[in-house]
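Overview (structure and organization)
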Amino acid sequence: MDYKDILQQTEYDFIKTNGHLGKHVILLGLAGSYSYGTNVEGSDIDIRGITLNQKSDLIGLTQFEQYVDENTDTVIYAFNKIITLLLSCNPNTIELLGLNPEHYLYLNDIGKMLLNNRKLFLSKRAINSFGGYADAQLRRLQNALARDTFPQSEKEQHIFNSVKNAMHDFNNHYKNFENGNLEIFIDKAVNPELETEIFVNASLTHYPLRDYSCMWNTMANVVRDYEKIGKRNKKKDDLHLNKHAMHLIRLFMMALDILEKGEINTYREKEHDLLMDIRIGKYQKEDGTFHESFYDMLSDFEKKLHYAAENTDLPDEPDMSKVQELVMTINERVVHDEI
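Let me sum up the structure you'll find in this document.

Considerations on the overall build of the protein
Looking only at helices and strands, the protein features 13 helices and eight strands. Relative to its full complement of 339 residues, the protein shows a buried share of 45%. Long-range pairs, those at least 24 residues apart, make up 68% of the contacts in the protein between residues at least 6 apart in sequence. Roughly 18,600 Å² of accessible area belongs to the protein as shown, and the carbon and sulfur atoms make up 47% of that amount.

Right under this line is the structure:
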């Protein structure tokens, strides 16, 4: 299949006609399962790309960060925004710099310049970005399993760990401040239908309404996410569960390539069979939990990542002077109408 033919379909006409895109686009590529090599029959085609900021964005008053087309699962980032994401080694965007050549649907000379300088964005920041992302995937697995396969005591512990993580940033911002204090926590339930419950201790005086509203919205989101746990369509969720498990292992593989080799390898050719075995459920037992071999594999990857993080040759931080030079070189072409 020639993937470039995808852009000829009428539903992608917005790439040619939208003012922020068109001649400003420097790179378009496949994302998701097709880019990893883990697609199955019926897999959606996702496209990610990069478009240059317009002259008015750079020296005028307009602002533009990204274009999203939900109909085609397409996200195209503004150049300045994706540079920020790349500098943090964001897993969802750094992978765009490591696609198989045939998975780039469009790539002009500026896009090639960015790819040729991809190593500028690799640093020890990848340890936290990939580690945090993998941790989020692991919690999703734990929560899904906790919904209907673990003993009640283990369910509550996994649910609590997830909620506690969601509350961490909240408490850092709001626990103590000039106008009082506010704390949310889990304790023995008052509601007879629950074993544990989320509670609030609050003491506020002369507090701005808008900030107050923001705090309560944050808490409402925590409660909503908490209450979602327990609702499960087993057949449908098992597919998602195995997909999460596969992506968790894939994240470790990609992180190890970055830390050990200084390479961005999005397509997982050597590990394809292993990842597909996870996706189709070969590591899942009939009761919905995973075989010990999966957890052994996970533990092995965690140890490898820890060792790689301790021994990587990557710099602590990106060389910002070189990144600045690259960004200025490219943006100067926009300002001088040379695209």
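What to know about the packing of helix α4 (residues 79–87) against helix α13 (residues 320–335)
Relative to each other, α4 and α13 sit at 165°, their axes nearing to 12 Å. Judged by the inter-axis angle, α4 sits roughly antiparallel to α13. For the pair α4 and α13, the crossing hand works out as right-handed. Facing α4, whose interface residues are F79, N80, I83 and L87, α13 presents M320, V323, V327, I330 and N331.

Re the pattern of salt bridges
For the coordinates displayed, the defined rule picks out 11 salt bridges. Notably, a salt bridge pairs K81 with E65, separated by 3.8 Å at the nearest N-O pair. Of this pair, K81 sits in helix α4 while E65 is found in the loop between α3 (55–59) and β3 (66–69), placing the two residues 16 residues apart along the sequence. Close ionic contact of R125 with E317 constitutes a salt bridge, the shortest N to O distance being 2.5 Å. Taken together, the residues span a long stretch of sequence, with R125 in helix α7 (residues 125–148) and E317 in the loop between α12 (292–311) and α13 at a distance of 192 residues. A relative accessible area of 31% places R125 in the partly exposed class. Connected via shared salt-bridge partners are D257, K261, R268 and E271.

Side note on the side chain of D69
If you trace the backbone, D69 turns up in strand β3. Of the side chains bearing the opposite charge, R48 lies closest to the buried D69, which forms no salt bridge; the N-O distance is 9.6 Å. Apart from the residues lying within four places of it in its own chain, the contact partners of D69 are F14 and T74.

Here we look at the nonpolar core
A general feature of soluble globular proteins is that nonpolar side chains tend to end up buried together. Ranked by internal contacts, the top residues of the largest apolar core, which has 58 residues, are F79, I94, F121 and I249. Tallying contributions element by element places helix α10 (residues 234–261) first for this core, with 13 residues. Among all residues touching I94, those that are not within four sequence positions of it are L86, C89, F121, L122, F130, M254 and I264. Judged by nonpolar contacts, the second largest core, of 14 residues, contains Y3, I6, Y34 and I76.

Here's the deal with the environment of S129
As for its position among the elements, S129 is in helix α7. According to the relative accessible area criterion, S129 is buried, its value standing at 17%. Between the alpha carbons of S129 and S88 there is a distance of 7.0 Å; along the sequence they are 41 residues apart. Among the polar contacts listed, one links the side chain of S129 to the backbone oxygen of S88, at a separation of 3.5 Å. In terms of polar contacts, S129 uses its side chain to reach the backbone carbonyl oxygen of A126, at 3.3 Å.

Points about the sheet that holds strand β1 (residues 25–31)
Taken together, five strands build an open sheet; the order of strands is β3-β4-β2-β1-β5 and the sheet is mixed. Edge positions in the sheet fall to β3 and β5 (104–107), since each of these pairs with one other strand and no more. Averaged over all pairs of adjacent strands, the angle between their axes in this sheet comes to 15°, without regard to strand direction. By the bridge criterion, five bridges tie strand β2 (residues 46–51) to strand β4 (residues 74–78) in an arrangement that is parallel. What sits directly across from I47, in β4, is T74. Strands β1, β2, β3 and β4 of the sheet are contacted by α4, whose axis makes an angle of about 90° with β4. Against the sheet, helix α6 (residues 109–116) engages β1, β2 and β5, with an angle of about 110° to β5.

Procedures and definitions
- All residue numbers refer to positions counted from 1 along the written sequence of the respective chain.
- Note on the predicted model: pLDDT of at least 70 is required for a residue's local features to be given, and 80 or more for side-chain atom pairs to be given and counted; whole-chain, interface and lining totals, by contrast, use all residues.
- Here the side-chain values reflect all heavy atoms present in the structure, with hydrogen atoms and water set aside.
- Numbering of helices and strands starts at the N terminus; helices are DSSP runs of H or I of at least 4 residues and strands are runs of E of at least 2.
- When a residue's accessible area, from a 1.4 Å probe over protein chains only, is under 20% of the maximum for its type it is buried; when over 50% it is exposed; and in between it is partly exposed.
- Contacts were defined at the residue level, with two residues in contact if any of their heavy atoms lie within 4.5 Å.
- Method for areas: the Shrake-Rupley scheme with a 1.4 Å probe, in which residue coverage is limited to the protein chains shown.
- Helix axes use the C-alpha atoms of the stretch in contact, all axes being lines fitted to C-alpha atoms, and the angles between their N-to-C directions lie in the range 0 to 180 degrees.
- Angles below 35 degrees are treated as roughly parallel, those above 145 as roughly antiparallel, those between 65 and 115 as roughly perpendicular, and all remaining angles as oblique.
- The hand of a helix crossing depends on one turn: near helix anticlockwise from the far one by less than a right angle means left-handed, and clockwise means right-handed.
- Basic side-chain nitrogens of Lys or Arg form a salt bridge, by our definition, when they fall within 4 Å of a carboxyl oxygen of Asp or Glu.
- By the counting rule applied here, Lys and Arg register as positive and Asp and Glu as negative, while His and the ends of each chain are not counted.
- Definition used in this section: a nonpolar core is a set of buried Ala, Val, Leu, Ile, Met, Phe, Trp, Tyr and Cys residues joined via side-chain atoms within 4.5 Å.
- Under this definition, polar contacts are N or O atom pairs within 3.5 Å; protein pairs additionally need one hydrogen-donor-capable and one acceptor-capable atom, and for neighbouring residues in sequence, both atoms have to be side-chain atoms.
- The pairing criterion for strands is at least two bridges between them, as found by DSSP.

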